[in-house]
Amino acid sequence: MRWLVIAIILLFLLVLDYKWGDKVSKASARKKVGIERESDITLFTTGETLFDDYFAQLEQAKHHIHILFYIVRDDEIGQRFFSLLEQKVNEGVEVRLLVDWVGSFGLPASLRQKSGQFAFANRPTLPFFFYKLNERNHRKITVIDGKIGYLGGFNVGKEYMGQDPKFGHWRDYHLKIVGEGVHDLQRQFQEDWTKATGQSFGDNERYFPPLRKGMMKHRLLPTDGKYLEDEFIQLIKQAKQEIIIGTPYFIPSKKIMNSLLEAMERGVQLTIIVPMQADHPFVKEAAYPYFRQLLRAGARIYQFYNGFYHTKVIVIDDHLCDIGTANFDRRSLFINYEMNCYIYDKSFIQHVKQTIAKDIDTSTLLTAEYFRKQSWLHRLKEGVATWMSPLL
């Protein structure tokens, strides 16, 4: 009986910690309105093509390399990554590496020391330790010499190269940005670096060189656990013909769910692509209550079976495409620090839609019959997942 009382008290304290920490964090969060920029943007969808290009650009760096990842693994890919950073440090290039404390927990000091200046982002502290343990910096930003930037869903590790037998092929979307938008990536990295270290590297031309305009209009949108819900609702409201959502986790807020249903009521076709297999417990089951409702309303929902689907993409008709770090779940909406890119170029949007069509070719269509055949054990897991969904 005593242990039950202790457990109840601990649970109460954790809930209080989370609720109070969330309130304080939201009160200090500020809305960031990105400026419309013009850059050249390249889409990568496999780890092999991305990291071939990425490592080649790192090797050519002359002045500085600024990197933020959620996860960096201590494996063959991670060791190659750190060896390259060590090489650039020895060449006199400034290297700053920022990784999330939870996402890259356990990264050995022997590797961290190779990267020049290293820091953990969002290290949990008192007060509100439990809330801060959940408040992760999920952004993936790289800036090279202030002129070349990367942003998207890939982290550094062998699974992202499709080398983990558990997941197989890893499908993700990542952007290379050359042009005006790199300033916004640099600015966000600078903010995150200063928050983690208390140090700034200045606003001079070495870090913010003059940049030419590119061919594609876009806007970079950073969020810190607030305002992303409003942004997604505005995207949904713009749709006239179709909405396409690709995400590894589909756990929308009530407001976003209502917006999707309203869009379908006015004739918008909703298509969703999610992975067949899950990389975390309960995330798959947490999506099922929403899928049942959306299927009844006429949505098309596909489960990608050719490996793991980690893509974060939203397409609205032919006029807007969103690619970035945010998942379509409550953790990205209300807790994580994210960075998204809205792209307005029609030719790029068509390219993305063609890529999504290939993803659908290796997916299976989810039907209402699938849910009718579920066992009581699946229903139980779904109930637990629904209860846990704010933190999944």
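Residues numbered from 1 in each chain as written. Predicted model: local features only at pLDDT ≥ 70, side-chain atom pairs only at ≥ 80, totals over all residues. Heavy atoms only, no water.

## Regarding the overall build of the protein
Stage number 1. Looking only at helices and strands, one finds 13 helices and 19 strands in the protein.
Stage number 2. Compactness check: the protein gives a C-alpha radius of gyration of 21 Å against a globular reference of 21 Å for 392 residues, within 12% of the reference.
Stage number 3. With respect to the three principal axes, the spread of C-alpha positions in the protein is 60 × 60 × 40 Å.
Stage number 4. Within the protein, the proportion of its 392 residues that are buried is 56%.
Stage number 5. Of the contacts made within the protein by residues no fewer than 6 positions apart, 80% connect residues no fewer than 24 positions apart.
Stage number 6. As displayed, the protein offers around 17,300 Å² of accessible surface, 56% of which is attributable to carbon and sulfur atoms. (Helix = DSSP H or I, 4+ residues; strand = E, 2+ residues; numbered from the N terminus. Rg over C-alpha atoms; globule rule 2.2 N^0.38 Å. Buried < 20%, exposed > 50% of the residue type's maximum accessible area, 1.4 Å probe, protein only. Contact = heavy atoms within 4.5 Å. Areas by Shrake-Rupley, 256 points an atom, 1.4 Å probe, with all protein chains shown as cover.)

## Topic: the pairing of strand β8 (residues 174-179)
Moving residue by residue along a regular strand, the side chains alternate between the two faces of the sheet.
Stage number 1. Counting buried residues along β8, 5 of its 6 residues qualify, which places the element largely inside the surrounding structure.
Stage number 2. Judged from the 6 bridges that link them, strand β1 (residues 36-44) and β8 form a sheet pairing that is antiparallel. Paired with aspartate 40 across the bridge in β8 is valine 178.
Stage number 3. Bridge count between strand β6 (residues 148-152) and β8: 5 bridges; the pairing is antiparallel. Bridge pairing links glycine 149 to isoleucine 177 in β8. (Pairing = 2+ DSSP bridges.)

## Considering the pattern of salt bridges
Stage number 1. On inspection of all chains with the given rule, the structure shows 20 salt bridges.
Stage number 2. The shortest N-O distance in the salt bridge between glutamate 191 and lysine 32 comes to 2.8 Å. With glutamate 191 in helix α6 (residues 182-197) and lysine 32 in the loop between α1 (2-28) and β1, the pair connects residues that are 159 residues apart, well separated along the chain.
Stage number 3. The residue arginine 187 makes a salt bridge to aspartate 203 at a minimum N-O spacing of 2.9 Å. With a gap of 16 residues between them, arginine 187 in helix α6 and aspartate 203 in the loop between α6 and β9 (216-224) connect regions that are remote in the sequence. (Salt bridge = Lys/Arg side-chain N within 4 Å of Asp/Glu carboxyl O.)

## Quick notes on α1
Residues three or four positions apart in an α-helix share a direction because the helix packs 3.6 residues into each turn.
Stage number 1. Its 27 residues give α1 an end-to-end C-alpha distance of 39 Å, which sits within 8% of 39 Å, the value for a rise of 1.5 Å per residue.
Stage number 2. When we look at burial in α1, the residues that qualify are Asp17, Tyr18, Gly21, Ser25 and Lys26.
Stage number 3. Its buried side turned inward, α1 meets α5 (129-134) and α10 (330-334). (Expected span 1.5 Å × (residues − 1).)

## Some words on helix α2 (residues 47-59)
Stage number 1. Compared with the 18 Å implied by 1.5 Å per residue over 13 residues, the 18 Å span of α2 between its first and last C-alpha is a close match.
Stage number 2. Buried residues of α2: Gly47, Leu50, Phe51, Tyr54, Phe55, Gln57 and Leu58, and no others. Taken end-on, α2 shows its buried residues confined to a sector of 160°, consistent with a single buried face.
Stage number 3. Where the residues of α2 are buried, they touch β1, β2 (64-69), α3 (76-90), β5 (141-144), β6 and β8. (Arc of directions from axis to C-beta.)

## Some remarks on the packing of aromatic side chains
Stage number 1. In this structure the tally under the stated criterion is 25 aromatic pairs.
Stage number 2. An angle of 40° between the planes, with centres 5.6 Å apart, marks the rings of phenylalanine 51 and phenylalanine 55 as tilted. Taken together, the residues span about one helical turn, with phenylalanine 51 and phenylalanine 55 both in helix α2 at a distance of 4 residues.
Stage number 3. Phenylalanine 51 gets classed as buried once you look at its relative accessible area, which sits at 1%.
Stage number 4. On the basis of an interplanar angle of 50° and a centroid distance of 4.9 Å, the ring pair of phenylalanine 201 and tyrosine 207 is categorised as tilted.
Stage number 5. On the accessibility criterion, phenylalanine 201 (6% relative accessible area) is buried.
Stage number 6. We classify tyrosine 207 as buried; its relative accessible area is 4%. (Phe/Tyr/Trp six-rings, centres within 6.5 Å; stacked < 30°, edge-to-face > 60°.)

## As for the nonpolar core
Stage number 1. Grouped together as the largest cluster of nonpolar side chains are 39 residues, with contacts concentrated most on Ile243, Phe250, Leu260, Phe291 and Leu294.
Stage number 2. At the level of secondary structure, the elements contributing two or more residues to this core comprise α7 (228-238), β10 (242-246), β11 (250-251), α8 (254-265), β12 (269-275), α9 (283-297) and β15 (313-316).
Stage number 3. Looking at this core, the element that brings in the most residues is α9, giving 7 residues.
Stage number 4. Sequence-distant contacts of isoleucine 243, that is, excluding residues within four places in its chain, are made with Ile236, Leu260, Ala263, Val268, Gln269, Leu270, Thr271, Val315 and Ile316.
Stage number 5. Listed in part, the 37 residues of the second largest apolar core include Leu98, Phe189, Tyr302 and Val313. (Core = buried A, V, L, I, M, F, W, Y, C linked by side-chain atoms within 4.5 Å.)

## Here's the deal with unusual backbone geometry
Stage number 1. In this structure, the amide linkage connecting leucine 126 to the following residue, proline 127, adopts the cis form with an omega of -5°.
Stage number 2. Tracing the backbone shows proline 127 in the loop between β4 (117-121) and α5.
Stage number 3. Even without being a glycine, tyrosine 227 presents a positive backbone phi close to 80°.
Stage number 4. The residue tyrosine 227 is located in the loop between β9 and α7 in this model.

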